[in-house]
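Structure at a glance
Read off the chains here:
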Amino acid sequence: MTDTLLRVEGVIKRFGPLTAVDNVSLAVSAGEVFSLAGANGAGKSTLIRMITGISEPDSGSVFIKDEDLTHRLPSTKRHLGYLPEELVLYERLTGREYLELVAGLKEADPTEISNELAYFELAVVQNKLVGEYSLGMRKKLGLAAAMIGRAELLVLDEPLNGLDVEMMRRLRERIESERSAGRAFVISSHVMSFVERVSDRVGIMRSGKIVAEGAPADLRTLSKLSTAPFEDVFFYFVK
Amino acid sequence: MTYLISTRIIENAREWEFPSIPAAPVAFGAVVLLLSASLSRAASEIFAIGHPRAHFDALPLSIDAQLRAAVLIRIARSLIVTAVLLLIRWRLGVEVAGVLIPTLCFVALISISELLAAINWIHLKHKRDGLAALSTLAALIPAIAVSSSIFTELLSTSAGRWRPALTAAGFIWALLIYAVLKSCNRRWRAGDIDYARRLLTSRRRASLSSPLLRWRLNASAGAQLTRDLRLTLRGFSSAVYAALGIAFLLLASEFLLINSGRFPLFFKIEGWLDLAWLPASMAAKFGCVTACVSLTSILPILVGHELPHMWLERAAGTTGLDIFQAKLRYARLIAIPAPFIAWIVAIITGQVPSSYAAPLLGECLLLWLLVSSFIGAMSFEIPERTGLALLMMSLTGLAVGFLTAFMWPIGLVVLGMAGHTFTERGRMRARYFLLKGAD
């Protein structure tokens, strides 16, 4: 497929005796939102770390735009934007300085910084040290950093943690507008209503494996839970 | 780390002597400097800005509790400064027991004065209350006078006849201004706290966008260098202050060594070229090498500090060359004052012939280039083991520096023959670290 941005083929990751990700394969196309759902420890974050090239699979391959990520070419990684679950930020940089660093690392247009600060309502606190930010502000800064560089594939690990309701809506709108512009998303989240609403396809993980995959409507049909909250659909597959 | 720093300070003190300069003006200057330089930090301590203690304002605690905590923190900080002074006195065999109580008195008085100055500074800026500021100034002037006098005693080798009286006056004045501080805190804290928070957390941008700093670096390496310099300017670790302090002591020792004439003559001076071995020239070069090593010792600590953040470089596709170049440039920039200060110190002693002034500067610059480049190139040798990396980098820097200080052509040969290999190894280590470090 020419418009496939991400291809994961038989990826396995072990930590000692524990198999965190067990032979997972998936593909995400341009303009598609793929969500990963699963309980804590299901292997979502480990899979995401391999997708972003931070961690290496023990076997299997990850391809971004048909380029093998194991070669770690900077040009391959420039297609990626990433928000980690555990966001470790420089406490002694200001919000704007942090985004300047990210823009520099991604060799992105510096004018994007002001736009993202405004979009994520951080302009007022841009000159405050990150160490003085609240959890929500930190998450917004992480999201702004992920958006910088106009990456074609955005990988967001638990993007809703710490966000208020209004910002959750703004993020959903942003994801939808970026999807229309042809950008793809891999999102990991525990908020099932958000996952159902925003995703084109959902992969449900349990013990390192994807146990169900499909459009939210198809998963509802498979589980025969057409009117129940999507949370119940999730439990149907993970039980 | 603390042990290493303390050991180095005490070792340096062995060669140091109390200068024969008038102690009173120095003490007065130091006290005024302490008071003015600590305004913002002391205000942050009183109002617990950026500290978990800020939540205590929501707990059913007395309004004095936060103040008492601030006083204790300030006293602890002042104690560190005076402890170093006492350590130096002890090392030089100057009486220590007799100045212990005056030292405690000085610490109490200066700490409370700093807090009083800080709380008034915030209130003056917020409410423009000139009368309150004048009253505080009236209380602070005697405090400055008494603390300067006690500090003069700490700098002197012999006991002054007014020492007991000064100590008593110091304690009494400390108690008096503590009462004033308590009263100010009770009256102003609630009104000033939000203003203090805004004042102390705004205007944080450090402009480091000079193209000269990023010369011949790409955007990625330039961004990393800017981050490293910003973190250093904001004191990301107490090691920054320690490295600066040690570098200062080493350069001060150079001045004292040249002046005392104690620096040995290693080789016989017969011609112009032999002026490189003149005691003053050698002291300048040794000062330059040791100060360079001290300043660049921040580098492994910075790398250690950045390790948890490296996911960003890994996810952004940063190359080994980029992270290596950023650290190499950082090492060179952080150490650049050392050759100039070491050279100026040697020149002002008047013991370097004017005909050798320019070559000596050249030698100092060569030493800086060698030491900082070698240390910079070792940034990613053992990044996870900061202490060992610090030791290894410092020893390498000292070895290559001292060798070149004795015979500058060796430095040129080392730079020409091993420089490229070392740099290439540094780049490969950085690349390996990026590729394998995550798991």
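All chains use their own residue numbering, which begins from 1 and follows the written sequence. Written order decides the labels, with chains lettered from A and ligands numbered from 1. In keeping with the model being predicted, local features are shown solely for residues with a pLDDT of at least 70 and side-chain atom pairs are shown and tallied solely at 80 or more, while totals for entire chains, interfaces and linings include all residues. Only heavy atoms go into the side-chain values, all of them from the structure, while hydrogens and water stay out.

**Quick word on the environment of B:Ile193**
Residues and elements named next belong to chain B. Here a helix means four or more residues in a row that DSSP labels H or I, a strand means two or more in a row labelled E, and each is numbered from the N terminus. Turning to its location among the elements, Ile-193 is positioned in helix α7 (residues 163-201). A simple rule labels every residue: compare its accessible area, found with a 1.4 Å probe on the protein chains alone, to the largest value its type can have, and call it buried under 20%, exposed over 50%, or partly exposed in between. Accessibility expressed as a relative area gives 13% for Ile-193, which makes it buried. Along the chain, Ile-193 and Ile-49 lie 144 residues apart, while their C-alpha atoms are 9.1 Å from each other.

**A word on the packing of aromatic side chains**
Whether two aromatic rings pair depends on their centres lying within 6.5 Å, for rings of Phe, Tyr and Trp, where Trp uses its six-membered ring; planes under 30 degrees apart make the pair stacked, over 60 edge-to-face, and the rest tilted. Across all of its chains, the model carries ten aromatic pairs over all chains by this definition. Geometrically, the ring pair formed by B:Phe286 and B:Phe406 is edge-to-face, given 5.7 Å between the ring centres and 85° between the ring planes. With B:Phe286 in helix α10 (residues 279-296) and B:Phe406 in helix α16 (residues 386-406), the pair connects residues that are 120 residues apart, well separated along the chain. Exposure remark for B:Phe406: the relative accessible area of 28% places this residue in the partly exposed category. An aromatic cluster of three or more residues is present, and its members are B:Phe286, B:Phe402 and B:Phe406. A positively charged side chain is recorded as over a ring if its NZ (Lys) or CZ (Arg) lies within 6 Å of the ring centre. The angle to the ring normal must also be within 35 degrees. Above the face of the A:Phe63 ring, A:Arg7 is positioned so that its terminal group lies 4.4 Å from the ring centre. Here A:Arg174 stacks its cationic end above the ring of A:Tyr119, 4.7 Å away from the centre of that ring.

**Topic: the nonpolar core**
Side-chain atoms within 4.5 Å link the members of a nonpolar core, which is a set of buried Ala, Val, Leu, Ile, Met, Phe, Trp, Tyr and Cys residues. Membership of the largest hydrophobic core comes to 135 residues, with the highest contact counts inside it found for A:Leu6, A:Leu47, A:Tyr98, A:Leu99 and A:Ile175. Ranked by the residues each element gives to this core, the list is headed by α10(B), at eleven residues. Pairs of residues are marked as contacts when any of their non-hydrogen atoms sit within 4.5 Å. Sequence-distant contacts of A:Leu47, that is, excluding residues within four places in its chain, are made with A:Val8, A:Val21, A:Val24, A:Leu26, A:Leu36 and A:Met205. Membership of the second largest hydrophobic core comes to 46 residues, among which are B:Ile110, B:Leu116, B:Ile193 and B:Leu200.

**Let's talk about the side chain of B:Asp274**
Residues and elements named next belong to chain B. Relative to the helices and strands, Asp-274 resides in the loop between α9 (238-260) and α10. Residue classification places Asp-274 among the buried positions, given a relative accessible area of 16%. From its side chain, Asp-274 meets the backbone nitrogen of Glu-270 in a polar contact 2.8 Å long. In the analysis that follows, any N or O atom pair within 3.5 Å is treated as a polar contact, provided that within protein one partner can donate a hydrogen and the other can accept it, and provided that, for residues neighboring in sequence, both atoms belong to side chains. Here the side chain of Asp-274 touches Gly-271 through a polar contact of 3.0 Å, landing on its backbone nitrogen. Residues within four places of Asp-274 in sequence aside, it is in contact with Lys-268 and Ile-269.

**Digging into the interface of chain B and chain A**
Each side of the interface is counted separately: chain B has 32 residues, and chain A has 33 residues. Values labelled buried area give the accessible surface lost by two parts on being combined, using a 1.4 Å probe and summing over both. Interface of chain B and chain A: buried area, both sides summed, is about 3100 Å²; carbon and sulfur atoms make up 59% of it. A pairing counts as a salt bridge when a side-chain nitrogen of Lys or Arg comes within 4 Å of a carboxyl oxygen of Asp or Glu. Applying the counting rule to chain B against chain A returns three salt bridges. One can count eight residue pairs in polar contact (both at pLDDT 80 or more) joining chain B with chain A.

**Quick look at a nonpolar patch on the surface**
Residues and elements named next belong to chain B. On the surface, Leu-79, Leu-100, Ile-101, Leu-104 and Phe-171 cluster together into a nonpolar patch covering about 440 Å² of accessible area. If you tally residues by element for the nonpolar patch, the top one is helix α5 (residues 100-127), at three residues. Among the secondary structure elements, Leu-79 is positioned in helix α4 (residues 63-91). The patches described consist of residues with a relative accessible area above 30% and no salt bridge, like charges being joined within 9 Å and nonpolar side chains (Val, Leu, Ile, Met, Phe, Trp, Tyr) within 5 Å. For accessible areas, the Shrake-Rupley method is used with a probe of radius 1.4 Å. Any residue's cover is judged against the shown protein chains and nothing else.

**A closer look at the domain arrangement of chain B**
When the domains of chain B are assigned, the result is domain 1 (17-208) and domain 2 (219-436). For the purposes of this description, domain bounds are those given by an automatic or database domain assignment. A straight line from the C-alpha centre of domain 1 of chain B to that of domain 2 of chain B covers 35 Å.

**Here we look at helix α14 (residues 337-348) of chain B**
All names here are of chain B. With twelve residues, α14 should reach 16 Å at 1.5 Å per residue; the first-to-last C-alpha distance of 16 Å fits that figure. Along α14, the residues classified as buried are Ala-338, Pro-339, Ala-342, Val-345 and Ala-346. Projected down its long axis, α14 carries its buried residues within an arc of 135°, all on one side. Where the residues of α14 are buried, they touch α9, α10, α13 (320-335) and α15 (357-377). At the C-terminal side of α14, Gly-350 shows a positive phi close to 75°. Expected span of a helix: the number of residues minus one, times 1.5 Å. Directions pointing from the helix axis toward each C-beta atom define the arc.

**Considering the environment of B:Leu299**
Residues and elements named next belong to chain B. Position of Leu-299 among the secondary structure elements: in helix α11 (residues 298-306). Its relative accessible area of 1% is what places Leu-299 among the buried residues. Counting along the chain gives 91 residues from Leu-299 to Leu-390, while the straight-line C-alpha distance between them is 8.2 Å. Not counting residues within four places of it along the chain, the set of residues in contact with Leu-299 comprises Lys-327, Tyr-330, Ala-331, Ile-375, Gly-376, Ser-379 and Met-393.

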